[in-house]
Amino acid sequence: MKITIVGTGYVGLVTGTCFAEIGHEVLCVDNDTSKIEMLRRFEMPIYEKDLPELVKKNVHEKRLQFSTCIEEGNRFSEVIFVAVGTPPGYKGEANMSYVENVGRRVAETMDSYRLLVEKSTVPINTGEQLKRTISKYLSSDIDFDIASNPEFLREGTAIEDALNPDRIVVGIESVRAAELLRKIYAPIIERSGCEFLEMNIASAELTKHASNSFLAMKISFINAVSRICELAGADIQQVAHGMGLDKRISPNFLNAGVGYGGSCFPKDVDAFVHIADQYGYSFELLKEVQRINQSQREHFMQKLQRELWVTQDKTIAILGLAFKPGTDDIRQAPSLYFVPQLLEAKAKLKLWDPIAKAKFDEIHPTLNYYDTPIECATDADIVLILTDWPEIKSMDLDRLKSVMKCPAIIDGRNLFDPKEMKNKKISYYSIGRTH
Ligand code: UDX
C-alpha cells in the first residue's frame, strides 16, 4: 500500500521506516527542509539503534522517500498518518497548532477520499476537532475519515517495539477506515501475533494517555515505597522483586531511581491532568505522581549535600546525561535538573555519556566532557550516576577507587551491590536501600 507520514520526529520516522520495511511504499513529509536533506543523505535527526541501516535499505529498495511538500504527501496516498509534534504549552496543555495545520492543508488540496490517522499523542477531542477542521476547509463535498492509532514505542527499542507491538489500537468511525488500517498492519499482526483492537476514536486517544500515565504512576509508586524503605531499613529491590512476581503486578517498571524523564512521561502526564481538568475531573492521583517524581530528584540532591556538606569547589563526576540508556535524548533528563543547580553552587563538573554528550554540549558548551567513566571520575570528590548505561555498571570499581580523590558514589539507578561497595570501602548511597 502507499502511505504518507507527516512529521519525521521519533514516531513519524520510525513508523514510516517500519511500514516500508514490511513492504509498503512510504512517503515521509516534514516542513523542516534541513531535516529532509539530512535524511536524504542518510543522516538521522535522532539516535536510534538500527534506524540508519533500515532507512538506507528501504530507500535503496524504493519503498521509502522523503519530501518537504505536504501537497505531494496528499497526492501520494489516500492514507495520511499525522505524527507532528504536540509540544506542551504553559499549563501543560498540548499545543495543537501543528496537527491543525496538517488537517487544514490536507483539506485544501484534497480531491478524493482520504483517511487521516492521528499518530501523535493528542488530547481526547482531537478526532472531533480534526473532522470539523477538514469539513470547514474542504472546497467540495468529498468523503473522508479520521482515525486514531496511538503509538507505544520506546526510545532505544523503537524499531523492535514498532515491528513487534504488544497490541495495535485503532480508533475508527467507519468500516472503510478499519479495513484500510487492518490492511496496513496485516504483516505486523501476522509476524507478532498481536491483537488489533478496534474502538471509537475517543477510547483510542484515552488508551494512550491512560497507558503512559499508568506506567509513570508505577514508577512514582515504587519511588515512594523506596523512601519508606530508606526509613524502615528495607531494600527496595527485594521489595520490588517480591511484588513483581505477582503476575497481576509484573516486574516491569518497578525500578526505583531519580524519577522518570524523557519526551513522553512528563509531558503526557501533564497533558492528561490538563485534559481531565477540562472535563471537570481533578486527577489528584496523577498530580501526586508528578509531585513524587519531582521530590525524588530533590531527595537525591539532599543525599549529595549530606555527603559533601559544602558543594563549592568540589569536583563532581556525572555519569549519564541521557534520560535513559540507548538514546541521545536529554529531554527532561535528571542531568538537566542537577547540572544547573550544581553550577550555581559553584561545583566543578566533569561529565560523561556515550551518546548524549553532543546534545548536552549544545546547552552547556563550556563544560568538560570525558570519553570514559573512569576518566570522568578521575580526581573527583564524588560520582553521581544518573543513567543506567551498561558501561557504568561494568566499571572496574578498584580502578575507580584508585583514581578518585575520595571514593564516594551516589547512585540514582541502583546499579551496584551496597555490600560490595562496603567491602571495597567506597562510600555508596543509592535509592531505597540502607547501607
Ligand atoms: C515511554 C513509554 O514506555 C512508551 O510506551 C511511549 O510510547 C513513550 O513513552 P520512553 O519515554 O521511550 O517510552 O521511555 P521508557 O523506557 O518508558 O522510560 C521512561 C522513563 O522512566 C525513563 O526516564 C526511565 O529511566 C524511567 N523508568 C522506567 C524508571 O525510572 N523506572 C522504571 O522501572 C522504568
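Residues numbered from 1 in each chain as written. Predicted model: local features only at pLDDT ≥ 70, side-chain atom pairs only at ≥ 80, totals over all residues. Heavy atoms only, no water.

1. Things to note about the pattern of salt bridges
Argument step 1. Applying the stated criterion across every chain yields a total of 23 salt bridges.
Argument step 2. In this structure, Glu43 and Arg41 form a salt bridge, with 3.0 Å as the shortest nitrogen-oxygen distance.
Argument step 3. With a relative accessible area of 36%, Glu43 lands in the partly exposed category.
Argument step 4. Measuring nitrogen to oxygen at the nearest pair gives 2.8 Å for the salt bridge that ties Asp329 to Arg331.
Argument step 5. The class of Asp329 is buried, set by a relative accessible area of 5%.
Argument step 6. Taken together, the shared-partner salt bridges connect Glu128, Lys131 and Glu173 into one network. (Salt bridge = Lys/Arg side-chain N within 4 Å of Asp/Glu carboxyl O. Buried < 20%, exposed > 50% of the residue type's maximum accessible area, 1.4 Å probe, protein only.)

2. Details of unusual backbone geometry
Argument step 1. Even without glycine at this site, Ser250 takes up a positive phi of about 70°.
Argument step 2. Along the polypeptide, Ser250 turns up in the loop between α10 (236–244) and α11 (265–278).
Argument step 3. Look at Asp379: it is not a glycine, yet its phi comes out positive at around 70°.
Argument step 4. Within the secondary structure layout, Asp379 lies in the loop between α15 (373–377) and β12 (382–385). (Helix = DSSP H or I, 4+ residues; strand = E, 2+ residues; numbered from the N terminus.)

3. Observations concerning the environment of Glu195
Argument step 1. Its location among the elements puts Glu195 in strand β8 (residues 195–199).
Argument step 2. Spatially, the C-alpha atom of Glu195 lies 7.6 Å from that of Asp166, the residues being 29 residues apart in sequence.
Argument step 3. Not counting chain neighbours up to four residues away, the residues in contact with Glu195 comprise Asp166, Arg167 and Ile168. (Contact = heavy atoms within 4.5 Å.)

4. Re the site of the ligand
Argument step 1. Close to the ligand lie 18 residues; Phe152, Leu153, Glu155, Asn255 and Lys324 are nearest.
Argument step 2. Gly261 places a main-chain nitrogen or oxygen 2.9 Å from an oxygen atom of the ligand.
Argument step 3. Between Lys324 and the ligand, the recorded distance is 2.9 Å, taken from a side-chain N or O atom to an oxygen atom.
Argument step 4. Protein coverage of the free-state accessible area of the ligand, which is 670 Å², stands at 91%.
Argument step 5. Its residues assigned to classes, the shell around the ligand comprises 9 nonpolar, 3 polar and 6 charged.
Argument step 6. Of the residues that make up the shell around the ligand, three or more belong to each of domain 1 (2–198) and domain 2 (227–429). (Near = heavy atom within 4 Å. Polar contact = N/O pair within 3.5 Å; in protein donor to acceptor, adjacent residues only side chain to side chain. Areas by Shrake-Rupley, 256 points an atom, 1.4 Å probe, with all protein chains shown as cover. Nonpolar A, V, L, I, M, F, W, Y, C, P; charged D, E, K, R; others polar. Domains from an automatic or database assignment.)

5. Some points on the pairing of strand β7 (residues 167–171)
Argument step 1. Along β7, 4 of the 5 residues are buried, which leaves the element largely enclosed by surrounding structure.
Argument step 2. Summarising the sheet, β7 and β8 pair through 5 bridges and their orientation is parallel. Pairing of Val169 across the sheet is with Leu197, part of β8.
Argument step 3. Considered for its hand, the β-α-β crossover made up of β7, helix α8 (residues 175–192) and β8 is right-handed. (Pairing = 2+ DSSP bridges. Right-handed = clockwise from strand over helix to strand, strands pointing away.)

6. Brief notes about helix α3 (residues 51–60)
Argument step 1. All of the buried residues in α3 are Leu51, Leu54, Val55 and Asn58. One side of α3 holds all its buried residues, which, seen down the axis, span an arc of 100°. Structural note: α3 exposes Glu53 and His60 on the side pointing more than 90 degrees away from its buried face.
Argument step 2. In this structure, the buried residues of α3 make contact with α1 (10–21), β3 (64–67) and α7 (158–163). (Arc of directions from axis to C-beta.)

7. Some details on the domain arrangement of the protein
Argument step 1. Per the domain assignment, the segments making up the protein are domain 1 (2–198) and domain 2 (227–429).
Argument step 2. Taken together, the contact pairs 14 residues of domain 1 with 16 residues of domain 2.
Argument step 3. Interface area for domain 1 against domain 2, summed over the two sides, is near 1,300 Å², with a carbon-plus-sulfur share of 57%.
Argument step 4. By the criterion of area lost to domain 2, the three top residues of domain 1 are Tyr47, Ile124 and Glu155, representing 44% of everything that side buries.
Argument step 5. Ionic pairing is found between Arg331 and Glu155, a salt bridge with its closest N-O pair at 3.8 Å.
Argument step 6. Where domain 1 touches domain 2, the interface holds 4 residue pairs in polar contact (both at pLDDT 80 or more). (Buried area = accessible area lost by both parts, 1.4 Å probe.)

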